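What the coordinates show
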Amino acid sequence: MTNYYLLIDGQGVPGDRDMEVINPANETVFAHCPLASRRQLEQAVAAAKRAFAGWSRTALSERQANLRQTADAIHASAERITEVLIGEQGKPRAQAAAEVGFAEMFCRYFAEQTLDVEVREDSTEQCIEIHRRPLGVVAAIMPWNFPFLISVYKMAPALLAGNTLILKPAPTTPLTTLVLSEIVRDIFPAGVVNVITDNNDLGPHLTNHPDIAKVSFTGSTSTGKAIMKNAASSLKRLTLELGGNDAAIVLDDVDPRQVAAGIFGAAFLNSGQVCISLKRLYVHESVYDDLCSQLAGMAQCAVVGDGADPETQFGPVQNKAQYQKICRYMEDARNNGAIIAGGDIPDQPGYIVPLTVVRDIEDGAAVVDEEPFGPILPIIKYRDLDEVIERANNSPYGLGGSVWSSDMNRARQVAARIESGTVWINQHCAFGPNIPFPPAKQSGIGVEWGKEGLEEFTAMKVININKAFGASQH
Ligand code: NAD
């Protein structure tokens, strides 16, 4: 088995103990990974704090060059990262390779960004300049659905802005982040990037650490709330990208055959384990039956299994706790609706769940109101557009949403009324490094990606110059 190491102060170091990493397709032990101790967390934070003085003063061009080098190195190691990602996360090869490709793309995007001084006013009296300065040590805490991509898209803007970093992956998908640590070890000065792992126990020690200035977190809403509480003692800057229960509204003017593939892809990508998956599908009664059968047909043909098998199109649920949760949502779907595809979870090792489509189900069922985060799509029938917009908005979440229509004016009017950070029209789940990703309501705080996401890793600083003073001296 390959050996993996933590990255602390520029050195690859073993953990105090080891942890088993399980392949979710068959529940076998796929690798061992080091587990950081509390003492190692302290060493990592101290190293990042020491490194900040030098790194924050490097020229932006140097930081950009380091990130370009990182993107090149990700490209060169893409095959190895893809292989490890299939093993730890479970996703099929094409999706794993796409995740690595996206990570490279995000890294290249941030490598080309700048943090220019903005001159807000330059009059005879005064000059007002807005500068951006780094915050200090950033802790980035990741979930298990896109472990490599999320590590990279937090790391790149944090470093470009001049911060130093502690990365902490989720306990069930630590390996690709540890591979990333091997890649960056020889690119960045010691202490600029540190990677530690845990068994769900070190997070709170990072989020209340007095020497950490900011937490960039992606994960569940309940953990986000715990982090906010914990970070209050030192008033840390927070970016929280949390849970979602994205609604899609299909208007009565669509051709169900035309929209089915887009809806299917958005609901079942990564076996539904995407924060911006399409999770509740509201369909007008005039096209309901037709769209339900289109989607059921696609789900029945889908090959779900071990991501390492070249035939597999959709991988397993990533971990046991999530699998058990999905089994409960499956029961809820069976009790409250009609399952028209999937539904039968095989009795075998591994967390394989067939793509499941549920019709004749209403708001109020747990599988509709909550976030299953797995391959179950509830389809709800509606008659009145105003009423369905209200139902779609009647959620504590507000990450994304979508409208599907052949009439762009109508679609725009509905989009304007959906209470989420992103609303797509005739697509869902589309994202990219230049597109800001802002959550609404209890889906989070702050923004990731784009110029706005980069600025979240900085503090604004105003330089206010009295120009009249200079004039009076002459
Ligand atoms: P989780 O909240 O259980 O864990 C996420 C990370 O937080 C892990 O690294 C975990 O070890 C750490 N953690 C756990 N308790 C902590 C604490 N008290 N303090 C600090 N860190 C702690 O989430 P998960 O189950 O890994 O991920 C699934 C959830 O993530 C879903 O709700 C999904 O919607 C959400 N998600 C959101 C986005 C987004 O961008 N909004 C993206 C992906 C996933």
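Figured I'd write up the structure that's included with this text. (Residues numbered from 1 in each chain as written. Predicted model: local features only at pLDDT ≥ 70, side-chain atom pairs only at ≥ 80, totals over all residues. Heavy atoms only, no water.)

1. Focus: the overall build of the chain
Along the chain, the regular secondary structure elements total 16 helices and 22 strands. Whereas a compact globule of 474 residues would reach a radius of gyration of roughly 23 Å, the chain reaches 24 Å, a difference of no more than 12%. Across its three principal axes, the chain shows a C-alpha extent of roughly 80 × 60 × 40 Å. Residues counted as buried form 56% of the 474 residues belonging to the chain. Relative to all contacts within the chain whose residues are 6 or more apart in sequence, the contacts with residues 24 or more apart total 73%. Of the roughly 19,100 Å² of accessible surface on the chain, a fraction of 50% belongs to carbon and sulfur atoms. Each charge sign in the chain was given a centre, from 41 positive and 56 negative side chains, and these centres are 7 Å apart. (Helix = DSSP H or I, 4+ residues; strand = E, 2+ residues; numbered from the N terminus. Rg over C-alpha atoms; globule rule 2.2 N^0.38 Å. Buried < 20%, exposed > 50% of the residue type's maximum accessible area, 1.4 Å probe, protein only. Contact = heavy atoms within 4.5 Å. Areas by Shrake-Rupley, 256 points an atom, 1.4 Å probe, with all protein chains shown as cover. Lys, Arg positive; Asp, Glu negative; His and termini not counted. Charge placed at Lys NZ, Arg CZ, Asp CG, Glu CD.)

2. Re the pattern of salt bridges
One pass over the full model with this rule turns up 30 salt bridges. A salt bridge links Asp 9 to Arg 50; the shortest N-O distance between them is 3.0 Å. Of this pair, Asp 9 sits in the loop between strand E1 (6-8) and strand E2 (11-13) while Arg 50 sits in helix H1 (residues 38-55), placing them 41 residues apart in sequence. Among the residues examined, Arg 50 registers a relative accessible area of 53% and is labelled exposed. Between Glu 42 and Arg 38 there is a salt bridge, and its shortest N-O distance comes to 3.9 Å. One end of the pair, Glu 42, and the other, Arg 38, are both in helix H1, four residues apart, so they sit about a helical turn from each other. The exposure class assigned to Arg 38 is partly exposed, which follows from its relative accessible area of 44%. (Salt bridge = Lys/Arg side-chain N within 4 Å of Asp/Glu carboxyl O.)

3. What about the site of the ligand?
Near the ligand lie 27 residues; those nearest to it are Met 142, Asn 200, Ser 220, Leu 242 and Glu 371. The separation between an oxygen atom of the ligand and a polar side-chain atom of Lys 168 is 3.0 Å. Between an oxygen atom of the ligand and a side-chain N or O atom of Asn 200, the distance comes to 2.5 Å. Of all the secondary structure elements, the ones that give two or more residues to the shell around the ligand are helix H7 (203-207), strand E10 (214-218) and helix H8 (221-231). (Near = heavy atom within 4 Å. Polar contact = N/O pair within 3.5 Å; in protein donor to acceptor, adjacent residues only side chain to side chain.)

4. Description of the packing of helix H13 (residues 385-393) against helix H14 (residues 408-417)
Closest axis-to-axis distance for the H13/H14 pair is 10 Å, and the angle between their directions is 40°. Here H13 lies oblique to H14, going by the angle between them. The element H13 and its partner H14 pack so that their crossing is right-handed. For the pair H13 and H14, the contacting residues are Leu 385, Asp 386, Ile 389 and Asn 393 in the first and Arg 410, Val 414 and Arg 417 in the second. Among the residues forming the contact of H13 with H14, the class breakdown is three nonpolar, one polar and three charged. (Axes fitted to C-alpha atoms, helices over the stretch in contact; angles between N-to-C directions. Parallel < 35°, antiparallel > 145°, perpendicular 65-115°, else oblique. Left-handed = near helix turned anticlockwise from the far one by under 90°. Nonpolar A, V, L, I, M, F, W, Y, C, P; charged D, E, K, R; others polar.)

5. Observations regarding the packing of aromatic side chains
Enumeration according to the criterion identifies 13 aromatic pairs in this entry. Taking 5.0 Å as the distance between ring centres and 80° as the angle between the ring planes, the aromatic pair formed by Tyr 109 and Phe 110 counts as edge-to-face. Residue Tyr 109 is classed as buried on the basis of its relative accessible area of 19%. These aromatic residues form a ring-pair network of at least three members: Phe 102, Phe 106, Tyr 153, Phe 431, Phe 437 and Trp 449. A cation sits over an aromatic face here: Lys 214 above Phe 457, 5.1 Å from the ring centre. (Phe/Tyr/Trp six-rings, centres within 6.5 Å; stacked < 30°, edge-to-face > 60°. Lys NZ or Arg CZ within 6 Å of the ring centre and 35° of its normal.)

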